[in-house]
Amino acid sequence: MSQLSIYPSESDCISILRNAGCKKRIIVHCCIVKTVAEQFMKNIDCDRDAVIAGAMLHDLGRARDHSIFHAAIGADMATGLGLPNNIVDIIRKHTGAGLDLQDVIDMGLPPGDYMPSTIEEKIVAHSDNMVSDNLIVPHTHSVNKLMKKGLIRGALRIQNLHLELSKIYGADLDIIVNVLGEHPVITGPCGHIINQSL
């Protein structure tokens, strides 16, 4: 880790994902979520380094599992790696706009808090809502996906999170789709990943 920050750098995060066994497709997805989060942070005050590390590592658990359990698994993996608690929390709470106690019980998840509460947790969760695989999409993509599955409470939480963050940002965050495009230009260590064939 960089000596200037308590958080792993982007390069460190890519190494963590690779060493854990994440496929390149997951690493690319994490890089795009990081790019969306950077756009959010242009108008939203937060711990920038925590958001970048959290966005880069939010899908760490997909090295082992692609179900709803990946967030809890990723949080455990991050704890095992000695990552800061706020990064562990970002990873555990990134699914949709969070999972409430009823969701945790219904899905059989390990007991814990899965609801984003800090601005950093909310930025990463919602940045992930606006990336489908490796495309940047409006938040309604995630809302409609949950509505079709009958997961109304989860869909409403995403809608409410979108409204909350849009108000802080000063504009509807769906404009980011136009600003970055569906296929964003990725800079920094992630750029090398994107330019390689998947």
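Structure first, text after, so check above.
Residues numbered from 1 in each chain as written. Predicted model: local features only at pLDDT ≥ 70, side-chain atom pairs only at ≥ 80, totals over all residues. Heavy atoms only, no water.

### Side note on the environment of L60
The condition that has to hold: We count a stretch as a helix when DSSP gives it H or I for four or more residues in a row; a strand needs E for two or more, and each element gets its number in order from the N terminus. For the exposure calls, accessible area comes from a 1.4 Å probe over protein chains only, and a residue counts as buried if that area is under 20% of its type's maximum, exposed if over 50%, partly exposed in between.
Positionally, L60 belongs in the loop between α3 (48–57) and α4 (70–80). Classification of L60 as buried rests on a relative accessible area of 0%. Separated by 18 residues in the primary sequence, L60 and A78 have C-alpha atoms spaced 7.9 Å apart.

### Considerations on the state of the cysteines
Here is the rule: In what follows, a disulfide is any cysteine sulfur pair within 2.5 Å.
Taken as a whole and judged by the stated rule, the model has 1 disulfide. In this model C31 forms its disulfide with C190; the gap between the sulfur atoms is 2.3 Å. Since a negative S-S torsion denotes a left-handed disulfide, the C31-C190 link at about -75° is left-handed. Of this pair, C31 sits in helix α2 (residues 24–40) while C190 sits in helix α11 (residues 189–195), and the two are 159 residues apart along the sequence. The pair formed by C31 and C190 is uniform in burial state, with each residue classed as buried.

### Points about the side chain of Q39
Note the following rule: Contact between two residues is taken to exist if any of their heavy atoms lie within 4.5 Å; hydrogens are not considered.
Within the secondary structure, Q39 sits in helix α2. Excluding its chain neighbours within four sequence positions, the residues that come into contact with Q39 are Y169, I176, V179 and L180.

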